[in-house]
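# Inside the fold
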Amino acid sequence: MVEFNSEWYRKLIENSSEKVSLVNVIKELLGKRTYGSCLDIGLGLYPFFAQQLSSNFKKYTIIEKEKIIATIPKNVKIVYDDWEDIKLNDKFDIIIASH
């Protein structure tokens, strides 16, 4: 069995254009407006979307089942839980789900 190398994967994501392209499209759709809230489902190895998009929202919530150590913007909250099991009472203006 091959062991997952998180550092290699992080470098792959940082140096590929997939998430950058997604962020660019999302920013174009959002425009210069500030929205109330965003739900980001599945953080991955680090808060890429939150770092790029949280300034467009008053509140940015990430649902992630694995504990991570990362620097996150001030308006970002991480909820450690499984997306399939969590019960959310909040409503969100935008929802992001990406691998």
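Report on the accompanying structure. What you are looking at is a predicted structure, and each value in this text was computed from that prediction instead of being measured.

Moving on, we come to the packing of aromatic side chains. On inspection of all chains with the given rule, the structure shows 3 aromatic pairs. Their ring planes at 80° and their centres at 5.9 Å tell us that Phe48 and Phe49 sit as a pair that is edge-to-face. Judged by its relative accessible area of 12%, Phe48 falls in the buried class. The exposure class of Phe49 is buried, given its relative accessible area of 6%. By the ring-pair criterion, three or more aromatic residues cluster together here, those being Tyr35, Phe57 and Tyr60.

Within the open sheet, the 4 strands sit side by side as β3-β2-β1-β4. Their pairing is parallel. The sheet is open, and its two edges are formed by β3 (76–80) and β4 (94–97), each paired on a single side. Shown here is a sheet whose adjacent strand axes are inclined to one another by a mean of 20°, direction ignored. As paired strands, strand β1 (residues 35–41) and strand β2 (residues 57–64) are joined by 6 bridges and run parallel to one another. Residue pairing in the sheet places Leu39 in a bridge with Thr61 of β2.

Another point: the nonpolar core. Ranked by internal contacts, the top residues of the largest apolar core, which has 19 residues, are Phe49, Leu53, Phe57, Tyr60, Ile62 and Ile96. A total of 4 residues in this core trace back to one element, the largest contributor, which is helix α3 (residues 48–53). The residues touching Phe57, leaving out its near neighbours within four places in the chain, are Leu30, Thr34, Tyr35, Gly36, Ser37, Cys38, Asn75 and Ile94. Counting 5 residues, the second-largest nonpolar core is a separate cluster that includes Leu39, Ile41, Ile63 and Ile86.

Basis of the calculations
Residues numbered from 1 in each chain as written. Predicted model: local features only at pLDDT ≥ 70, side-chain atom pairs only at ≥ 80, totals over all residues. Heavy atoms only, no water. Phe/Tyr/Trp six-rings, centres within 6.5 Å; stacked < 30°, edge-to-face > 60°. Buried < 20%, exposed > 50% of the residue type's maximum accessible area, 1.4 Å probe, protein only. Pairing = 2+ DSSP bridges. Helix = DSSP H or I, 4+ residues; strand = E, 2+ residues; numbered from the N terminus. Axes fitted to C-alpha atoms, helices over the stretch in contact; angles between N-to-C directions. Core = buried A, V, L, I, M, F, W, Y, C linked by side-chain atoms within 4.5 Å. Contact = heavy atoms within 4.5 Å.

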